[in-house]
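Remarks on the overall topology
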Amino acid sequence: MDEQERRRRAERLKAARKRRRRKVMVNRVLAGLFLVALIFAIIAGIVLLNDYIKGPEPATPDPTWNTPAVAYNPTSTPTPSPTEAPTFTPTPSPVPEGVKRVAFTFDDGPDYNGLTLKFAEKLASYGGKGTWFIIGNRVNDENRGDLKKAAELGMEIGIHAWTHDYYFDRNPDLLADELQKTSDIIYEVTGKRPTLFRPPGGNFTDKQVTEISYPVILWSVDTEDWKNKGNKTEEERSDNVQRIVDNIMRNTRDGSIVLMHEIYNNSYDAFCIAIDQLAKEGYIFVSVPELIGDELLPGHKYTSWYYR
Ligand SMILES: [Zn+2]
């Protein structure tokens with residue numbers, strides 16, 4: 001094999017390699033194009049299948065179909081849905097800076113020995129108000145005048161019960177009857193329908209709270225005056241009164257609702273001591289509606305201003 005022959009052979013081999021490389025490249029390009037086409041085909045297939053499953057798009061409705069027969073009247077008041085929670089705007093507190101408020105409440109009256117009016121006059125002497133939760137069937141010819149005067153002094157008279165039966169809440173009809181009769185007697189004596197209710201013993205379920213047409217008023221300070229009412233000796237009387245005073249002074253803070261009973265002399269004596277001390281500490285004495293303000297609503301319960 002001479003030099004020329006070897007060169008020709010090498011050139012042929014080179015040309016053959018070049019052709020192979022070109023062929024491989026063409027094959028790769030074709031494979032790439034085929035892959036792209038395949039992906040497109042798959043996507044198109046999915047879209048078409050999807051459209052087929054959904055069915056044809058609905059025709060665009062004639063816009064006049066949506067026009068109500070009667071034009072919307074913006075001045076008409078929309079009726080709120082019954083499930084909607086009542087909305088209210090809390091008014092800014094009118095309480096001046098540094099003034100603390102406490103709402104004394106008096107249960108189980110009207111008293112048979114004149115304490116109703118004594119409590120009311122004591123509060124009035126401080127320019128204050130309080131809230132009574134009375135038992136309807138205790139109103140008699142002797143005490144109705146005092147109850148009327150208490151209301152005239154600005155005291156709030158609310159419903160406790162007609163009979164103070166701790167179990168009446170188990171019977172909705174009996175509850176409705178007790179509420180109505182007590183409201184009637186309060187209206188008869190004071191000329192004003194009561195707007196507040198305190199269940200005897202605070203014995204009321206959350207479901208009942210939502211169903212009743214009065215705000216349910218509980219308390220945040222229990223004076224336990226009902227535990228400290230009996231006096232065998234003068235010393236015992238003094239101790240009992242002091243315990244009630246201590247319960248008030250230790251637990252009362254700005255916004256408290258204090259539970260007392262207006263039918264015990266010890267309660268009155270303790271109240272006179274406590275109210276004097278509280279006034280010196282900057283407290284004013286307000287009724288429950290004054291304390292809670294616009295947020296006082298039926299279907300809710302209140303134990304104080306801070307846990308309303
Ligand atoms: Zn009671």
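Residues numbered from 1 in each chain as written. Predicted model: local features only at pLDDT ≥ 70, side-chain atom pairs only at ≥ 80, totals over all residues.

On to the overall build of the protein. Within the protein, the regular secondary structure consists of eight helices and eight strands. Among the 308 residues that make up the protein, the fraction classed as buried is 32%. Taking the contacts inside the protein whose residues are at least 6 apart along the sequence as the reference set, 78% of them involve residues at least 24 apart. (Helix = DSSP H or I, 4+ residues; strand = E, 2+ residues; numbered from the N terminus. Buried ≥ 20, exposed ≤ 12 C-beta atoms within 10 Å, placed from the backbone. Contact = placed C-beta atoms within 7 Å.)

The next thing to look at is the packing of helix H2 (residues 115-125) against helix H7 (residues 265-280). Their axes nearest at 11 Å, the elements H2 and H7 cross at an angle of 0 degrees. It follows that H2 is roughly parallel to H7 by the angle criterion. Mapping the contact onto sequence places Leu115, Lys118, Phe119 and Lys122 in H2 and Tyr268, Phe271, Cys272 and Ile275 in H7. Across the contact of H2 with H7, the residue classes break down as six nonpolar, no polar and two charged. (Axes fitted to C-alpha atoms, helices over the stretch in contact; angles between N-to-C directions. Parallel < 35°, antiparallel > 145°, perpendicular 65-115°, else oblique. Nonpolar A, V, L, I, M, F, W, Y, C, P; charged D, E, K, R; others polar.)

Of all hydrophobic cores here, the largest spans 57 residues; its most connected members are Ala103, Phe197 and Val258. Per element, the largest residue contribution to this core is six residues, and it comes from H7. Once residues within four sequence positions are removed from consideration, Phe197 is found in contact with Gly158, Ile159, Leu179, Ile212, Tyr214, Val216 and Ile217. (Core = buried A, V, L, I, M, F, W, Y, C linked by C-beta atoms within 7 Å.)

A few words on helix H6 (residues 234-251). With 18 residues, H6 should reach 26 Å at 1.5 Å per residue; the first-to-last C-alpha distance of 26 Å fits that figure. Within H6 the residues assigned to the buried category are Asn240, Val241, Ile244, Val245, Asn247 and Ile248. One face of H6 carries all of its buried residues, which in axial projection span an arc of 155 degrees. Away from its buried face by more than 90 degrees, H6 exposes Glu235 and Arg250. Residues of H6 that are buried make contact with strand E5 (221-222), strand E6 (256-261) and H7. (Expected span 1.5 Å × (residues − 1). Arc of directions from axis to C-beta.)

Considering the arrangement of structural elements, one finds Leu174 in helix H4 (residues 172-190). Along the sequence, Leu174 and Trp162 sit 12 residues apart, while their C-alpha atoms lie 9.9 Å from each other.

Attention now moves to unusual backbone geometry. Residue Pro110 is bonded to the preceding Gly109 through a cis peptide linkage, with omega at 0 degrees. Within the element layout of this structure, Pro110 appears in the loop between strand E1 (100-107) and H2. Positive phi is not limited to glycine here, since Glu224 has a value of about 55 degrees. Note that Glu224 resides in the loop between E5 and H6.

It is worth spelling out the pairing of E6 at this point. Across the six residues of E6, six count as buried, placing the element largely inside the fold. Judged by which residues are buried, E6 turns out to be covered on both faces: Ser256, Val258 and Met260 on one side and Ile257, Leu259 and His261 on the other are all buried. Where E1 meets E6, six bridges bridge the pair, whose relative direction is parallel. Among the inter-strand pairings, Val102 is bridged to a residue of E6, identified as Ser256. Direction of pairing for E5 relative to E6: parallel, over a ladder of two bridges. Bridging from a neighbouring strand, Val221 pairs with Val258 of E6. For the handedness criterion, the β-α-β arrangement of E5, H6 and E6 is classed as right-handed. (Pairing = 2+ DSSP bridges. Right-handed = clockwise from strand over helix to strand, strands pointing away.)

Attention shifts here to the pairing of strand E2 (residues 131-135). In terms of burial, E2 is largely enclosed, as five of its five residues are buried. Residues Thr131, Phe133 and Ile135 point to one face of E2 and Trp132 and Ile134 to the other, with burial holding for every one of them. As paired elements, E2 and strand E3 (residues 156-161) share five bridges and run parallel to each other. Its bridge partner being in E3, Ile135 is matched across the sheet by Ala161. Handedness of the crossover joining E2 and E3 through helix H3 (residues 144-152) is recorded here as right-handed.

Attention now goes to the confidence of the model for the protein. For the protein, the average pLDDT comes to 83, and 80% of its residues sit at 70 or higher. Between residues 53-92, whose pLDDT stays under 50, and residues either more than four places distant or in other chains, the model counts eight contacts. (pLDDT = per-residue confidence, 0-100.)

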